[in-house]
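Summary of structural features
Spelled out from the first residue to the last, the chains are:
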Amino acid sequence: MADRTPQVARALPGRHQLSREFIVEHQRARIIAALAEETVEKGYRAVTVSDIVRRAGIARNTFYENFSSKEDCFLAASEYAVESALTRVSDAAAKVDDWPTKASVGIAAFLRYVASEPALARTCIVEALSAGPAAVDRYERSIQAFVPLFQLGRKVSAKGSDLPETLEETIVGGIFWILYQRIIMGQVEQIEGLLDELVEFSLTPYLGAEAAKRVAVETSAGAATG
Amino acid sequence: MLDVEIRERSAGHERKRILDTLVEIGAERGYAETTIVTIVERAGLDRSAFDRHFRSKYDCFLSAWQEINESCMREMLEAYNSHEDWPDRLRAVVSRVVEGLLADPRRASFAIEVLAAGDAARARRDMTMRVVASLIDAGRNEMEDPEAVSHTTAEALAGAAYGQIYSCVARGYPEELPKLVPQLMSAAVMPYLGINAALAELAQGFIPTERYRRDVAKKRTPAKRRESTESAEGYPPELARLPPGRHGLPREFVTHNQRERLIAGLAEAVAENGYSGTTIAHITRHAAVSRRTFYEHFSSKDECFVAAYDTVMSELSERVSEGFKEASDWPHAVRSGIGAMLAFLAAEPQLARLSMVEALVAGPVVIEHYDAAIQSFVPYFSSGREGRPPEVLARLSPTTEEALVGGMVSLISRRIIAGKAEDLEELLPDLVEFTLTPYLGSHEAAKIAREKD
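Rules behind the numbers
- Just so you know, the residues in each chain are numbered from 1, in the order the chain's sequence is written.
- Key to labels: chains lettered from A, ligands numbered from 1, both in the order written.
- Since the coordinates come from a predicted model, pLDDT governs what is reported: local features require at least 70, and pairs of side-chain atoms require 80 or more to be given and counted, while whole-chain, interface and lining totals use all residues.
- To obtain the side-chain values, all non-hydrogen atoms of the structure were used and water was disregarded.
- Secondary structure is summarised from DSSP: a helix means a run of H or I of at least four residues, a strand means a run of E of at least two, and numbering begins at the N terminus for each.
- Confidence of the prediction at every residue is given by pLDDT, a number between 0 and 100.
- Contacts are residue-level and defined by heavy atoms, with any inter-residue pair within 4.5 Å sufficient.
- Only buried residues count toward a nonpolar core. Its members are Ala, Val, Leu, Ile, Met, Phe, Trp, Tyr and Cys residues joined through side-chain atoms within 4.5 Å.
- Residue exposure (1.4 Å probe, protein chains only): buried if accessible area is under 20% of the type maximum, exposed if over 50%, otherwise partly exposed.
- Between 30 and 60 degrees the pair is tilted, below 30 it is stacked and above 60 it is edge-to-face, where a pair is any two Phe, Tyr or Trp rings, Trp via its six-membered ring, whose centres lie within 6.5 Å.
- Lysine and arginine charges are scored as sitting over a ring when NZ or CZ, respectively, is within 6 Å of the ring centre and within 35 degrees of the ring normal.
- Each of two parts loses accessible area, computed with a 1.4 Å probe, when they are put together; buried area is these two losses added.
- Any carboxyl oxygen of Asp or Glu within 4 Å of a side-chain nitrogen of Lys or Arg constitutes a salt bridge here.
- What qualifies as a polar contact is a pair of N or O atoms within 3.5 Å, subject to a donor-acceptor requirement within protein and to the restriction that residues adjacent in sequence count only when both atoms come from side chains.
- One less than the residue count of a helix, multiplied by 1.5 Å, gives the span that helix is expected to have.

Focus: the environment of A:R54
Among the structural elements, A:R54 can be located in helix α2 (residues 49-56). When the C-alpha positions of A:R54 and A:Q181 are compared, they lie 30 Å apart, and in sequence the two are 127 residues distant.

Topic: the confidence of the model for chain B
Residues and elements named next belong to chain B. Overall, the prediction assigns chain B a mean pLDDT of 82, with 87% of residues at 70 or greater. Residue range residues 219-256 is modelled with pLDDT below 50. Its contacts to residues more than four positions away, or to other chains, number 83 contacts. Reported for the predicted complex are a pTM of 0.70 and an ipTM of 0.84.

Describing the nonpolar core
A general trend in soluble globular proteins is that nonpolar side chains are found buried together. Grouped together as the largest cluster of nonpolar side chains are 186 residues, with contacts concentrated most on A:F63, A:F110, A:L120, A:L179, B:F305, B:L345 and B:I412. Residues contacting A:F63, with those up to four places away along its chain left out, are A:I31, A:V49, A:I52, A:V53, A:I58, A:S69, A:K70 and A:C73. Counting residues in each nonpolar core, the second largest holds 24 residues, with B:I39, B:L62, B:W65 and B:A120 among its members.

Considering the packing of aromatic side chains
Evaluation of the coordinates by the stated rule reveals 22 aromatic pairs over all chains. Considering the side-chain rings of A:F110 and A:F176, the 6.1 Å spacing of their centres and the 25° angle between planes classify their relative orientation as stacked. Residue A:F110 is found in helix α5 (residues 99-116), and its partner A:F176 is found in helix α9 (residues 167-184); the two are separated by 66 residues along the sequence. The class for A:F110 is buried, based on a relative accessible area of 9%. With centroids separated by 5.5 Å and ring planes inclined at 10°, the aromatic side chains of B:F61 and B:F110 adopt a geometry described as stacked. You can see B:F61 sitting in helix α4 (residues 57-81) and its partner B:F110 sitting in helix α6 (residues 105-113), a full 49 residues away along the chain. Each member of the pair B:F61 and B:F110 is classed as buried. Three or more aromatic residues joined by ring pairs make a cluster, and in this case those are A:Y139, A:W177, A:Y180, B:Y162 and B:Y166. A cation over a ring is seen here: B:K57 above B:Y31, with NZ or CZ 4.4 Å from the ring centre.

A few points about the interface of chain A and chain B
Counting residues at the interface gives 43 residues for chain A and 51 residues for chain B. In total, chain A and chain B occlude about 4,100 Å² of area from one another, counting both sides; carbon and sulfur atoms represent 59% of this. At the junction of chain A and chain B, the tally comes to one salt bridge. For B:E155, the salt bridge is made with A:R182, and the minimal N-O distance between the two is 3.2 Å. Put simply, chain A and chain B have 17 residue pairs in polar contact (both at pLDDT 80 or more) between them.

Points about the pattern of salt bridges
Per the counting criterion, the structure on display carries 36 salt bridges over all chains. The closest approach of N and O atoms between A:E200 and A:K213, which form a salt bridge, is 4.0 Å. Here A:E200 is found in helix α10 (residues 195-207), whereas its partner A:K213 is found in helix α11 (residues 209-225), with 13 residues between them in sequence. On the basis of relative accessible area, A:K213 is assigned to the partly exposed category, the value being 32%. As a salt-bridge pair, B:R414 and B:D137 come within 4.0 Å of each other at their nearest N and O atoms. Of the two residues, B:R414 is situated in helix α22 (residues 400-417) and B:D137 in helix α7 (residues 119-137); the sequence distance between them amounts to 277 residues. When its relative accessible area of 4% is taken as the criterion, B:D137 is described as buried. Within the structure, one salt-bridge network assembled from shared partners comprises A:E37, A:E38, A:E41, A:K42, A:D51, A:R54 and A:R55.

Comments concerning α22(B)
Residue and element names in this part refer to chain B. In a regular helix each residue adds 1.5 Å, so 18 residues correspond to 26 Å; α22 covers 25 Å between its end C-alpha atoms and thus fits that length. The element α22 is largely enclosed, with a buried count of 14 among its 18 residues. Count one or two residues on from α22 and you reach G419, which has phi positive near 75°.

In structure tokens, the structure reads:
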């Protein structure tokens with residue numbers, strides 16, 4: 001139990017030089033981590049600000065210095081998660097040359113991140129798809145953040161400009177849905193095993209089924225060896 | 001007698017009025033802001049009327065949501081069956097859904113607001129989404145190698161389509177929905193039919209279903225048309241077709257007892273014609289009893305189906321519970337319970353179809369029993385939580401078990417729809433691994449799944 005503190009709590013990237021600001025950032029991260037843990041334990045709706053405050057070990061005032069409400073805190077958690085995932089995806093993609101490989105190692109990095117932060121992932125992905133109208137913005141924002149990475153695939157596709165306008169939303173939304181389903185079923189540890197199928201699903205529209213399958217096999221072989 | 005009938009009819013009417021009003025208010029104000037007082041006031045009823053039909057606001061929301069899901073499922077299957085070729089069928093389904101949302105914006109908003117009611121509302125939606133995924137997944141039959149695309153693809157496509165429609169409605173642009181149809185269709189056919197078919201979907205644009213139906217009818221050859229009108233109405237042929245293999249009913253069903261004979265007659269008639277294609281005349285013919293005898297036992301086809309469904313399910317439950325008791329530890333009990341279930345369904349393909357496929361489209365009354373049956377399997381899995389370490393328990397969600405049963409049922413029914421009920425036992429290792437993993441981790445689950453008896 002003690003070791004379940006998500007990596008989130010181990011400080012955010014230190015953009016700020018001033019220690020006071022660093023402390024504030026650190027506090028925010030601790031609160032976000034507490035929200036995620038509480039959400040996993042009892043479901044987002046049942047979580048109260050008091051629960052979060054207790055778990056984070058901070059004063060109620062401190063919570064309200066950082067966030068105006070539970071909802072606000074939730075939004076920050078979701079932004080933080082998307083940003084961290086994006087960083088990992090771009091870092092992984094920067095190490096390789098061609099787009100198909102970039103896309104597939106990016107997906108691998110994304111799945112690895114989700115598997116490494118189960119509480120945060122569950123909080124963001126499951127809530128975005130199950131909380132009614134309030135969640136729609138979060139869903140939209142998360143999807144849109146990843147859309148440009150796939151749009152680059154149109155350049156390598158012979159029919160790039162003819163492809164459906166919302167294709168990238170379908171790909172990202174599809175990946176989110178699959179992750180949502182696995183998380184709901186308590187199968188977080190199987191998420192990385194989805195690499196093959198998700199790469200194939202995402203690249204087929206751009207490369208055709210055969211080439212997509214080839215990239216998928218290469219990527220999962222690469223992921224398996226390290 | 002007549003009094004009872006009138007009372008029942010007006011009770012049904014009252015219930016419907018409450019549900020309609022709830023949808024209206026729920027769409028306007030959302031789950032949290034809707035109160036029982038506002039519902040009964042607007043419906044022009046008193047509180048006792050509400051209490052007669054529902055236990056709580058939550059119960060009322062879930063009932064309304066359940067009915068919306070059922071009617072949506074029926075509309076989708078009807079649209080699917082209105083065409084013969086797969087992409088046309090899928091297009092009809094998507095167009096019908098979109099047209100339904102446009103025609104009844106309150107329902108569309110309600111569908112989003114209701115998710116705030118919690119896990120049960122979400123789980124219900126996910127059941128419908130599994131049906132959608134299987135309609136997309138049927139695209140593999142159009143391929144030279146039907147196994148070339150993973151099942152995950154259909155699941156992802158269904159979820160992505162839901163996300164885009166959800167987002168369009170929730171942001172208040174339902175009028176954009178028709179434009180979305182060719183986009184969604186294009187993405188959905190691509191993995192199965194290739195890029196050219198995908199581009200053709202885009203070029204075609206959105207065609208309203210009525211006009212669409214006329215256009216397609218013109219193109220069709222008369223011979224083909226006749227064939228299609230003969231198939232069971234409102235039913236996809238692969239659902240209506242008799243599964244290959246054994247047609248015998250279990251001995252227990254063939255007795256001189258009239259009621260049981262009628263139940264057996266219904267099972268046979270449904271296997272032959274699909275539920276919606278089955279008439280009371282079919283049932284009495286198979287049962288070799290008179291129409292009057294039918295009405296002595298049942299008031300409607302639905303009621304007879306429910307009796308058949310319950311008979312099958314209680315038999316199935318008994319086998320599962322016996323199987324479960326055989327083993328010494330929980331993981332092996334799950335394994336032998338699932339094994340018993342698959343063995344029963346494989347040996348009785350007609351009953352397998354009746355209970356796992358037909359029940360989903362047979363009507364609201366049956367759906368309640370279907371839901372109850374699903375719920376009755378939940379405890380087998382939730383007992384696996386006992387004694388698990390805290391980090392495992394933290395990973396499980398309150399609806400994990402429901403999702404596991406739903407996932408399992410969806411895999412089983414997909415096999416049955418494909419006409420492979422007799423091979424169901426092949427699913428054992430996969431299902432065991434799938435259901436044990438959340439509790440034991442994938443390594444241990446895979447080990448138990450692959451054990452030899």
